[in-house]
Structures are given as C-alpha cells and as structure tokens.
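Residue-level listing of the chains:
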Amino acid sequence: MAKTTLLVVPVSLLMLAIQSFYPVLSITTQTMPNTVHYLKVLEEMLQGPLAGWGVVLYLDPDLEVQVLDQLLTFPAFQDSPHVLVDLGSDVDLWSKDQPAPVLRGARVIHIVVFKEDPRPYFDTISLQWNPKYLMLFSLANKTFQNILLGNAFQRSQNLVLIERFSPRSSEMTPTARVSTSFPFSKDEKMILIGTWNSSIYSKIENIFVDRFPSFEDYKFHLATWFDDIPFLYQKENAPVGTGDGITVKMLDTIAEVLDFNYTLTVEPPDGAWGSLVNGSWTGMLGMVHRHEKNFTVSTMPLTANRIEDFDAGVWYWTEGFGLNMMTPAPLAKWQATYYPFMPSVWITIGATFAVVVLTMALQDWIQPEPFLGGFGRTWLYLLRAVVKHTLPGLPTAQWQRVLVGVWWVYCFILTTAYTANLIAFLTIPVFPKRIQTLEELAQSDYRVSMHDYGEFVPEALRSSKTPVYRTLGEKMDLVKLYDDAVYLMSNRTHALLELYSYNRIVTKSITKVSNSYMLKDQLYASYFSWLFQKNTPWKYKFDLCIQHLVEAGLVTRWHKETTEDFMGQDYERRERLAAKEQLNNKQPLSLQHLQGVFFILLLSWAASIVVFILELVLQVLQ
C-alpha cells in the first residue's frame, strides 16, 4: 500500500517518531550545513509566494533523517493542508486512490524532494495525476540532464526545477538556481531562469513562467473528417485535403496568434467518428488516444467517456442531434367537403339530427291532428333547415313551433360556420398536423434513420431509461450511406437523425430535398469542444484563444456566414416566407377542388337508385 500521510497530528510527535526510529543518527544540522541552508530556499517559497497553498510533498526514500527533520519543522506545513508521499511506495496505486483536487487542484503545488533521479517513480503513475504546478527540488550534488523532459513531468502546465548552485567564490553564499523547460523551443529545451532571490521571486508567476509563449512554427497533426458541414469540409476548387468552414477559420486565427501550423485528415482510416467499443476508441478519437494525432477539432458532443479519456477544451458551440422530416403531403381535394368540421363535430351533428327527428315524430304522433304524419316526412322537413331551404309551413302546436324555431337557429349557425370554413378548405391546400415533438414521433408510425458512422447516439438511445428515447432507439434503422438515410426520409417513412446544423444544410443544399422541416426538439444537446490527448499541458493556450473568439461573437458570425454560403443569403426569412406563401396560395376553383361535391352527388344518385329498386321489390311482393 502507498505510505501516504495527511498530517493532522502535531509535527512534534512525528519528529519524535523519526528520532526514535533512527537512534544512531544525531539530528543536527552541522553535518550538512549547505543542505540546511539550501532547504531554507524551499521554506522561503512556502512562506512567501506559496503561502496558503495546499502542498503534496513527495519524499525520496534516500533522503537523510536530518532533511526530513528540517522539512517537517517548516511552519508552512503547520499552517496549510498538505500530504506526504513516500516515493519508495507504489505511487501509481496512491494516485488512483486520491481525489481530483489533490491530483490536479488549481491551488495545490506538488513538490518532489529528491537526491536520486525520481523519474522511475513516476513512469507508471496513473493518468489522473496531472498537477497544475509541479516543482522538482533537487538535493543532489549533481545535475540530472534533461530531468524536466520526463513524460510524466511534462504533463504539468507549470513546471520548475530547483537545484543547488555553488558559486566559484568561497565568499559567496551557496544558493539555488531555477530552471524550467520550453517543449516547443527550437534551441535548448531546458532553460535557466535565474538564481534564487526571495525579492525577485515574490510572486507565483515569477517562479512558474509561461512555458508555452509560442509554439515556434510547430506542426500539429489533427484528427479530422471532411464531412462536418458547416464546421469542416473540403474547400471548393482547391487540392484534396484543403479544409474550409468554421473550424478552419478558428484554426487559422489561433495559429496566427500562437505561431503554429497544422495538418488535417480527410477521413479516419476506419470510417468512424469516435466511440468507445470494447474498451478501445475508434475513428478520430482513436487516433488521438493512440497518440497518432495531437488533437481533434471535429464536432464532438461531450460525453462522460470522452471527458474521462481526453482533455476537453472550452466549448465554442452548443447544439444537439436534430430530426428532419418531410412535410406531410396535402390531403386529398375530394375530402374538402368534410374538412371544415372535425370528425367529432360530424358525429355530434348526426346524433343531434336523429334526436330532433325522433322528438318531432313523437310530438306529431301524440297530438290529435298530426302535422307531418310519420318519419318519412319528418326527417325531410327538418333537413330543409340544414340545407338552407325554406319551410313549406309551420306546425299548429306551440311546442312543435318552439322545437322547429330552436332547430332553425341551430342550423343557421352551423351552416354559416361550415360555409366559411369550406371556402378556405376549397382554395387553400390542407395539410395534416405536423409532428413537432419527440413524444409525437415516438407515438407515430414513423421510424428513425441514421448514417452509421460510429457516433454514440444509437447505443445511448437503446439503453436510455427515458421511455421516449428508448422507443426511438428501438425504431432506429442504421444505414451505411448517408444518401440511404435521406432516401428513407424522402419516402415519408423515417425521420432523419443527424447533428442539427449538418442535417439542416446537407438535406436542403447537398441532397436537394425540398419540403422538409426540422423538429423543434433536439437529442443530446451538448457543448462542442476540441478534444486533446489526456494531460496536454498546453491546452490552456487554445482555451484562451477559443474563449476570446466566442466572447467576440466571431464563432456565431462564422456559423451564420457559412450556413448562408450553402443555403443563400437571408435563408431563415425566405423559409418563413415560403411556408407562408404555401398557406396563402389562393387560386381559382377547379374540378379538383370541387370533386368532393360531385362525389356527394354521385352517392346521392346511387342511394336514390337503391331506394327506387327497394320500392319496386316491395310493390311486386305486395
């Protein structure tokens, strides 16, 4: 087990334990006067610019007990939280058990005090260990060449080495020299900052200087896919591999500030976007995870697995997966005669008519002198009000007059409403109600089509605990080609699932599918950010630049301009006008508009013929 100690007991007790454990050693400072004086440099740091910071102190097992004694008597260790780590133990196991604030806290400094090369102790440490501030404090009488260039140490954003410095003149007091590394420097990678002086190094930024002031024309290799409209795609009339889009504009702007070049990948070798399959990353994320590429700039919605295995940059765009559907075809013109009323209204009208006929016939039957005399005349008499025909006469009984008067007013209001709506339905196309929400889509007969390019969405939907999402996952059909997914949508049997911007632009401008619309709801709306290799120390440089681009509104502007390049200027207003014109498309009435009336006429003639035949049959039978 890792021998770690969170010092919550008095330091004097720990000192007593050390003395009793080393009875043959005399805890004096006279045997190592230079070391004791040298340790005061560390004490000045902890009491000065690092005062109040949390400290994780890594101790070389080869350190003398005198050194441990002096370290543990520092007042700074009594005034601030700290953790002691024995490098002789399993450091990797220790790091896996520690919380994130200890391993990578913003106000925690990790100090490695050593006499022998400590790099072997850190070669196997877990990837979760990534101190923002790391100090290597050497007590050796020799210089370890390029010690700061160790892979584990290079994870840290801020890195410094403190070494002994013995002046040639015996009259000068031995002190320490401060060095750091500049990984992208074309000259020396390790550079001496200066010798220790508490007045000069009074601030934390004086000790930990910026290790990445410039990338010095370094060439980054990026994992990309030129199928990421409007963010990244092949530039028109340019050599293959020349990118264009929002991402290229961002890269070019940042490259000018940070001084770097970059290469892009037209398509990942496995043709996958990037998902975790059987413990291994595929697609662009696999290339980054295997250190084949430095980072990816393709649109990557953040997920728990991606955040855990990569360093996510600051977000620059928010978007989810959108569903694209064909606009429902207009309803048949011949049905326009009953469109003005809902089916429930027609049922209510029929039931009301039947009740009125029965009531009128009953009243006529119980009075001494019948007014109409039977059902055959009663329903025809009442039907006149429905079709706006005048009545040949009024009943003599007052109760029948009241019934007929109320029925006439009822029919007047009903026919007026029907006529007004009928004019609209005859002249303007009638469309079924559009599906607008995920719930409506899940309850409909529509399925979902999606291009299978290794995105996390299909599996996330199928395993979702939300019933609506799980239903959509069960109704999803994955296809190998994007055109096949569009074809299924154009047949009005599927809803096309893809990132919202890509779905909207490609469907309208590339595949030329008209009369489609995007659902209001989006699936897995998330922040887009660039994903870097785990523990990339210079990621913060890109974060600052991206944040400035977002705050300046440039990303939003580029998104609008790029979308207009595909869909034309002022495309949103034109889409609204087109939809409005479609609804207000008034035109002269044709036979197609009035075919419902002719159908009713034919049905009436057919009914009359049937009744005529029945009357002939009854007459013959009599």
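Described in the following lines is the structure provided in the data block. As the structure is a computational prediction, the values presented were derived from the model and not from experiment.

Here we come to the environment of Gln-66. The topology assignment puts Gln-66 in helix α3 (residues 65-72). Between the C-alpha atom of Gln-66 and that of Thr-35, which follows or precedes it by 31 residues, the distance is 9.4 Å.

Turning next to the packing of aromatic side chains. Taken as a whole and assessed by the stated rule, the structure comprises 50 aromatic pairs. Relative to Phe-542, the ring of Phe-220 lies with its centre 5.9 Å away and its plane at 75°, an arrangement referred to as edge-to-face. Of this pair, Phe-220 sits in strand β9 (residues 218-223) while Phe-542 is found in helix α20 (residues 539-551), placing the two residues 322 residues apart along the sequence. The buried category is assigned to Phe-542, whose relative accessible area is 0%.

Looking at helix α17 (residues 467-474), one finds that the buried residues are Val-468, Tyr-469, Leu-472 and Gly-473. With its buried residues spanning 140° around the axis, α17 presents them on a single face. Facing away from the buried side of α17 by more than 90 degrees, the exposed set consists of Pro-467 and Glu-474. Turning to α17, the residues buried within the fold contact α15 (438-443), β19 (447-451), α16 (457-462), β20 (476-479) and β22 (516-528).

The final tally for this structure, using the stated rule, is three cavities of 30 Å³ or more. Of the voids in this model, the largest cavity is the one considered here, and its volume is about 110 Å³. Taken together, Trp-225, Asp-227, Asp-228, Trp-273, Thr-299, His-451, Tyr-453, Glu-455, Tyr-482, Glu-498, Leu-499 and Tyr-502 make up the full set of residues lining the largest cavity. Within the residue set of the lining of the largest cavity, elements represented by two or more residues are β10 (227-228) and β21 (494-499). Considered class by class, the residues forming the lining of the largest cavity number six nonpolar, two polar and four charged.

Cut-offs used in this document
Along each chain, residues carry numbers from 1 onward, in the same order as the chain's sequence is written. Owing to the predicted nature of the model, reporting of local features is limited to residues with pLDDT of at least 70; listing and counting of side-chain atom pairs is limited to 80 or more, with chain, interface and lining totals taken over all residues. Only hydrogens and water are set aside; all other atoms, that is, all heavy atoms of the structure, feed into the side-chain values. Put simply, DSSP H or I for four residues or longer makes a helix, DSSP E for two residues or longer makes a strand, and each gets a number counted from the N terminus. The aromatic pairing rule takes the rings of Phe, Tyr and Trp, using the six-membered ring of Trp, and pairs them if the centres are within 6.5 Å, calling planes under 30 degrees apart stacked, those over 60 edge-to-face and the rest tilted. Categorising residues by exposure relies on relative accessible area from a 1.4 Å probe, with only protein chains included: less than 20% of the type maximum marks a residue as buried, more than 50% marks it as exposed, and the intermediate range marks it as partly exposed. The arc refers to the directions leading from the helix axis to the C-beta atoms. Contacts are assigned to residue pairs with any non-hydrogen atoms lying within 4.5 Å of each other. Each cavity reported here is a set of points on a 1 Å grid over the protein atoms alone in which a 1.4 Å probe fits but cannot get out, each pocket an open set with protein on both sides within 12 Å along at least five of seven lines, and each lining residue one with an atom within 4 Å of a point. Grid points are joined across faces, edges and corners, and a volume is the space filled by probe spheres set on the points. Under the convention adopted here, Pro, Cys and the residues Ala, Val, Leu, Ile, Met, Phe, Trp and Tyr are nonpolar, Asp, Glu, Lys and Arg are charged, and Gly plus all remaining residues are polar.

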